[in-house]
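Structure assessment
Given next are the chains, with one letter for each unit.
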Amino acid sequence: MPALPEGALMVASVEMYLDERSTRRIRVLWEQLEEMGVQTLATPHEGRHRPHVTLAVARQLDPEAVAEALAGIRVAEPLRINFQYSGVFVGRVVFLGPAPTPELVAHQARVWSRLDAAGMETLPLYAPGEWVPHSTVSMRVPRPLLTETLRRCLESLPIDATVTRAAVADYARDIFQEIP
C-alpha cells in the first residue's frame, strides 16, 4: 500500500453508491455549497468522492479481506433510500439523512456484523444501534455558513435514491475496490 501523506486522516470505509439521478442531484447541491465557500466532498482527494451512504468505517481495510468477510451477501443490494432531512454531527459535519427503514438498518447491521466477525476493527459509531444513516455533504462547515448550508440542504430534499454499487474506499491510500 502507498504511504500516507503526513497528517492524513487514516479512514477506510465500505460505501454504497446511488443511482445516477440522485447522485446528480447531490452533486448539484455540492456545487451550490462550494460556490458559497463551503468545502464539500467534491473537493478533497481530487474529486474522487461520490455521493454515498457509509456502512462501516475503520482506520484501514484490506479490500480482499472485506470481500472475503462479505462473501455470500450483496452489499450493493438495490435498496430504496429516501433522504428526508439534513443534520449536523459534532464538528459541523453536515449530512443528508435517509429514513432509517428496517431494510436499510438490517442491511447495515448484516454488513457490519460480518466485518466484526472477521476481526476487522471498525469504528464504534458504525456499530448496529449506534449507526446514523447519512450521506456526508461537508466535513467542516464554517460557523458563519452553517445556517445557510442547512437551508440549502433542506431545499434539495426529498431525494429518492436506489443503491446501485458498493466499494471499499480509502482515499488517503488511493484504494478503491468495488464489491458486489
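Everything numeric in this text was worked out from a predicted model, so none of it was measured.

**Thoughts on the overall build of the chain**
- For the chain, the count of helices and strands is four helices and seven strands.
- Taken from the N to the C terminus, the helices and strands of the chain come in the order β-α-β-α-β-β-α-β-α-β-β.
- Taking 16 Å as the expected radius of gyration for a compact globule of 180 residues, we find that the chain reaches 16 Å, a close match to that expectation.
- A total of 180 residues make up the chain; the buried ones form 47% of that total.

**Considerations on the environment of Ala 117**
- Structurally, the position occupied by Ala 117 is in helix H3 (residues 102-117).
- Along the backbone, Ala 117 and Leu 61 are 56 residues apart, and their C-alpha atoms lie at a distance of 14 Å.

**Quick notes on the environment of Gln 60**
- On the secondary structure map, Gln 60 appears in the loop between strand E2 (52-58) and helix H2 (63-69).
- In this structure, Gln 60 is in contact with Ala 12 and Arg 173, ignoring residues within four places of it in sequence.
- Reaching out from Gln 60, the side chain makes a polar contact with the side chain of Arg 173 at a distance of 3.0 Å.

What counts as what
- Residues numbered from 1 in each chain as written.
- Predicted model: local features only at pLDDT ≥ 70, side-chain atom pairs only at ≥ 80, totals over all residues.
- Heavy atoms only, no water.
- Helix = DSSP H or I, 4+ residues; strand = E, 2+ residues; numbered from the N terminus.
- Rg over C-alpha atoms; globule rule 2.2 N^0.38 Å.
- Buried < 20%, exposed > 50% of the residue type's maximum accessible area, 1.4 Å probe, protein only.
- Contact = heavy atoms within 4.5 Å.
- Polar contact = N/O pair within 3.5 Å; in protein donor to acceptor, adjacent residues only side chain to side chain.

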